[in-house]
Amino acid sequence: MGVEIMNVEAEFHEMEEAVLSDKDVDFHVRDILKSVSLGDCDMYNQLVAVMHRKKRVAPDEVALLVASLKSLDEAVSCIDDQHGSLLASILGMNLWNHGSDVMDALLDLIVNLATTSGKYVDLCLEMLVGNFTPPSSFINILNHPRGITKKEQVLSRVHSTLGRITNLVPLATLRLSTLVIQKKPSHFSKEFILAMYVENMLRLESGDLGEYVRSAMLSSVVDLLIDLDLEIGWDDILHDDSSKGIFKMELEDIDETTDDELKGDIELPRELSRKSLGRNEHAEKLDSLMVLTFEYLESCEAGGRLTKVFEILLQSFQKTILPAYKSKFAQFVIFYSCALDPDNCGFRFANMLADIFFCNVRPQFERMMAVAYLASYLSRGRFLSTSVVVDMLKRLALKEGEGRPNAHNVFYSGCQAIMYVLCFRMRSFVDVLQLKSQLFVILTHQLSPLKVCLPTVVMEFLRQAKAASLFTISENFDFDDYLESELSRAFGGMERLDMFFPFDPCLLKRSDSFQEFDLDEFDGALNKMSITPKMSTRMPSRIRPSTSPESL
């Protein structure tokens, strides 16, 4: 190959000495391409050899490569299927291995190759998508200034070239979406590969092609998040951090001394405790992708595009996240979107969950999942206004007051959702008379929800109700197991949906920081609405076996 390159160099030097114009060089390259059909492939093979970059290339070899690419660009109409080896060499060139001059000349050739006849559009798009991620040799420098600069040099050119091609060949946009999804790395790929590929998918959505690729890109990103999420088993979640229990209660301005029992200890079931992940490869990958997605959502909100993006995320939630069995982290993409725009996205999400729960034609599993999401969302979404939470609880209370005997599990899941939310937001509702009366009807229903729902939630609710003087119940409730009962296990099913609280604090180290909302801002917003700020009181971590709720 070295001899062939030297021969081509000599050929070009001879042209320079003869003071040939660029057109003369272009004609020479055309003749080389045409000679293949005549069986004369010597010069053609030497031209192909120029496209094969060695590890270290001298400046004169770089100049030769640039000149060859520019000449091929001018002669692109002469390139056809008989030049397969040349096409393979051109399309096999990796932008990350070349400087600016070579990249620019190569990409001009790629654009012309894709648009001149249209027969090579897919190959050219595939080549560009293949440059979304760098060779493995770049891993160690990607976070250094030189690597960051190189990354932007390559990716800015890749996305600009994709735009040029799709402008000239509109149908290429559809092919691009398909190719990007087909070429998406498996969730078993290395973290840096996944992160860079997702970054490019989100960059496509944010660019000029966003209107055409938005749905495909965002849906595919959510699918990838779920794939990683499902690889993280519950056994990977450790109990070594109980600092953020499920009942970080909002007693607001209730004096803690009004109920000595509040000073007791509460023991929480596994899914209810604040947990942390040990070192887990899939969790680390997911964490990186979640951070990328959160930052992307912030840019959407700043650019006024979040509402459009959120509609796609809602569709993906219903299709991908909601049916997933106890998704652990992917749902926080929706949660963070709602936090960025509570009035629009926040309300839309709550309303959608309520609509799913109330839809009788939907599967029971889906309805129970939806109300579990709704309960956790209303409880954890500090950014939601009290009026939104009140309205949602009224809807739940009015519906559950019907006590549909033919849908006991759905009824119990609705009852537990109401109690769970009130454990976090009790003080906001003590003066809502309609809710209080309807709640009393539900809790004293003949189906006995207080004896069936998860005892940990019931116990905490009763304690909160007593502290807030919500109402009185004469019956004592005695649970053999304060974490669960046979009845709660029965209504939760094998999936234990009674123990599913999807917006418990996020356990991913980097992603968790995006979910820490400023409570001072929250209280300030309440003050503006003339609502008394809530006082967060962390509840103890264990229920004393001797404690049972007294007559309230």
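Residues numbered from 1 in each chain as written. Predicted model: local features only at pLDDT ≥ 70, side-chain atom pairs only at ≥ 80, totals over all residues. Heavy atoms only, no water.

In terms of helices and strands, the protein carries 24 helices and 4 strands. Contacts in the protein between residues at least 24 apart in sequence constitute 81% of all its contacts with a sequence separation of at least 6. Accessible surface for the protein amounts to roughly 24100 Å². Of this, 50% is attributable to carbon and sulfur atoms. (Helix = DSSP H or I, 4+ residues; strand = E, 2+ residues; numbered from the N terminus. Contact = heavy atoms within 4.5 Å. Areas by Shrake-Rupley, 256 points an atom, 1.4 Å probe, with all protein chains shown as cover.)

Once that is clear, we can look at unusual backbone geometry. The phi dihedral of Ser448 falls on the positive side, at around 50 degrees, and the residue is not glycine. Tracing the chain through its elements places Ser448 in the loop between helix H19 (433-443) and helix H20 (449-452). Residue classification places Ser448 among the partly exposed residues on the basis of a relative accessible area of 26%. (Buried < 20%, exposed > 50% of the residue type's maximum accessible area, 1.4 Å probe, protein only.)

Following the sequence through the fold, Ser89 ends up in helix H5 (residues 84-91). Note on Ser89: relative accessible area 9%, which makes it buried. Residue contacts for Ser89: discarding those within four places in its chain leaves Val48, Met51 and His52.

Structurally, Lys285 is set in helix H12 (residues 281-302). Side-chain polar atoms of Lys285 contact the backbone oxygen of Phe188, separated by 3.3 Å. In this structure, Lys285 is in contact with His187, Phe188, Ser189, Glu191, Leu194 and Leu228, ignoring residues within four places of it in sequence. (Polar contact = N/O pair within 3.5 Å; in protein donor to acceptor, adjacent residues only side chain to side chain.)

With that settled, the discussion passes to the confidence of the model for the protein. Here the protein averages 78 in pLDDT, and 73% of its residues register 70 or above. Looking across the protein, the model is least confident in strand S4 (residues 536-538), with a mean pLDDT of 27, and most confident in helix H7 (residues 121-130), with 97. Counting interchain partners and residues more than four positions distant, the pLDDT-below-50 stretch residues 238-246 has 27 contacts. Confidence over residues 478-483 falls short of pLDDT 50; this stretch has 19 contacts with residues more than four positions distant or in other chains. (pLDDT = per-residue confidence, 0-100.)

The next thing to look at is the packing of H12 against helix H13 (residues 306-321). Contact geometry of H12 with H13 gives a least axis separation of 8 Å together with a crossing angle of 135 degrees. Viewed along their axes, H12 and H13 adopt a mutual orientation that is oblique. From H12, Tyr296, Leu297, Cys300 and Glu301 reach across to H13, where they touch Leu306, Val309 and Leu313. A per-class count over the contact of H12 with H13 returns 6 nonpolar, no polar and 1 charged. (Axes fitted to C-alpha atoms, helices over the stretch in contact; angles between N-to-C directions. Parallel < 35°, antiparallel > 145°, perpendicular 65-115°, else oblique. Nonpolar A, V, L, I, M, F, W, Y, C, P; charged D, E, K, R; others polar.)

With that settled, the discussion passes to the packing of aromatic side chains. Tallying each qualifying case throughout the model produces 19 aromatic pairs. Taking the centre distance of 5.5 Å and the plane angle of 65 degrees together, the rings of Phe132 and Tyr197 count as edge-to-face. Remark: Tyr197 occurs in helix H10 (residues 191-206) and Phe132 occurs in the loop between H7 and helix H8 (145-168); sequence separation between them is 65 residues. Here the two residues Phe132 and Tyr197 agree in accessibility, since each one is buried. Centre to centre, the rings of Phe335 and Tyr377 are 6.1 Å apart; their planes meet at 85 degrees, and the pair counts as edge-to-face. A residue pair is termed long-range when its members are at least 10 positions apart, and Phe335 in helix H14 (residues 332-340) and Tyr377 in helix H16 (residues 364-380) qualify at 42 residues. Here Phe335 and Tyr377 have matching classes, each one buried. (Phe/Tyr/Trp six-rings, centres within 6.5 Å; stacked < 30°, edge-to-face > 60°.)

Membership of the largest hydrophobic core comes to 173 residues, with the highest contact counts inside it found for Met51, Leu72, Phe349, Tyr377 and Phe461. Among the elements that take part in this core, helix H18 (residues 408-425) stands out by supplying 12 residues, more than any other. When residues no more than four places from it in sequence are discounted, the contact partners of Met51 are Leu65, Ser68, Leu69, Leu72, Leu86, Ser89, Ile90 and Met93. (Core = buried A, V, L, I, M, F, W, Y, C linked by side-chain atoms within 4.5 Å.)

Okay, helix H15 (residues 342-358) next. With 17 residues, H15 should cover 24 Å at 1.5 Å per step; its first-to-last C-alpha distance of 22 Å lies within 8% of that length. What H15 keeps buried is the set Cys345, Gly346, Phe349, Ala350, Met352, Leu353, Ala354, Ile356, Phe357 and Phe358. (Expected span 1.5 Å × (residues − 1).)

Moving on, we get to the pattern of salt bridges. Here the idea is simple: oppositely charged side chains can pair when their charged atoms come close. Scanning the entire structure with this criterion turns up 18 salt bridges. Between Asp122 and Arg175 there is a salt bridge whose closest N-O contact spans 3.0 Å. Here Arg175 lies in helix H9 (residues 172-182) and Asp122 lies in helix H7, a separation of 53 residues in the sequence. Under the relative-accessibility criterion, Arg175 is labelled partly exposed at 30%. Through salt bridges that share partners, Glu205, Glu211, Arg214, Arg305 and Lys308 make up one connected network. (Salt bridge = Lys/Arg side-chain N within 4 Å of Asp/Glu carboxyl O.)

Within the secondary structure, Leu176 sits in helix H9. Taking relative accessible area as the criterion, Leu176 reaches 0% and is therefore assigned buried. Separated by 55 residues in the primary sequence, Leu176 and Val121 have C-alpha atoms spaced 9.6 Å apart. When neighbours within four sequence positions are excluded, Leu176 is seen to be in contact with Leu125, Val129, Leu162, Leu204 and Leu209.

To continue, consider H9. Those residues of H9 that sit buried are Ala172, Thr173, Leu176, Ser177, Leu179 and Val180. Contacts made by the buried residues of H9 are with H7, H8, H10 and helix H11 (210-230).

Their axes nearest at 10 Å, the elements H7 and H9 cross at an angle of 45 degrees. Overall, the two elements H7 and H9 adopt an arrangement that is oblique. In the crossing of H7 with H9, the sense of the turn from one axis to the other is right-handed. Here Val121, Asp122, Leu125, Glu126 and Val129 of H7 come into contact with H9, specifically with Ala172, Arg175, Leu176, Leu179 and Val180. (Left-handed = near helix turned anticlockwise from the far one by under 90°.)

Let us now look at the environment of Ser215. By secondary structure assignment, the location of Ser215 is in helix H11. Counting along the chain gives 38 residues from Ser215 to Ser177, while the straight-line C-alpha distance between them is 9.5 Å.

We now examine the state of the cysteines. Throughout the structure, instances matching the rule amount to 0 disulfides. Sulfur of Cys415: no disulfide; nearest cysteine sulfur belongs to Cys453 and is 5.5 Å away. In this structure Cys415 comes out as buried when scored by relative accessible area, which is 1%. (Disulfide = S-S within 2.5 Å.)

Further remarks concern the environment of Gly303. Looking at the secondary structure, you find Gly303 in the loop between H12 and H13. Each C-alpha atom of the pair Gly303 and Ser206 lies 9.7 Å from the other, and the pair is 97 residues apart in sequence.

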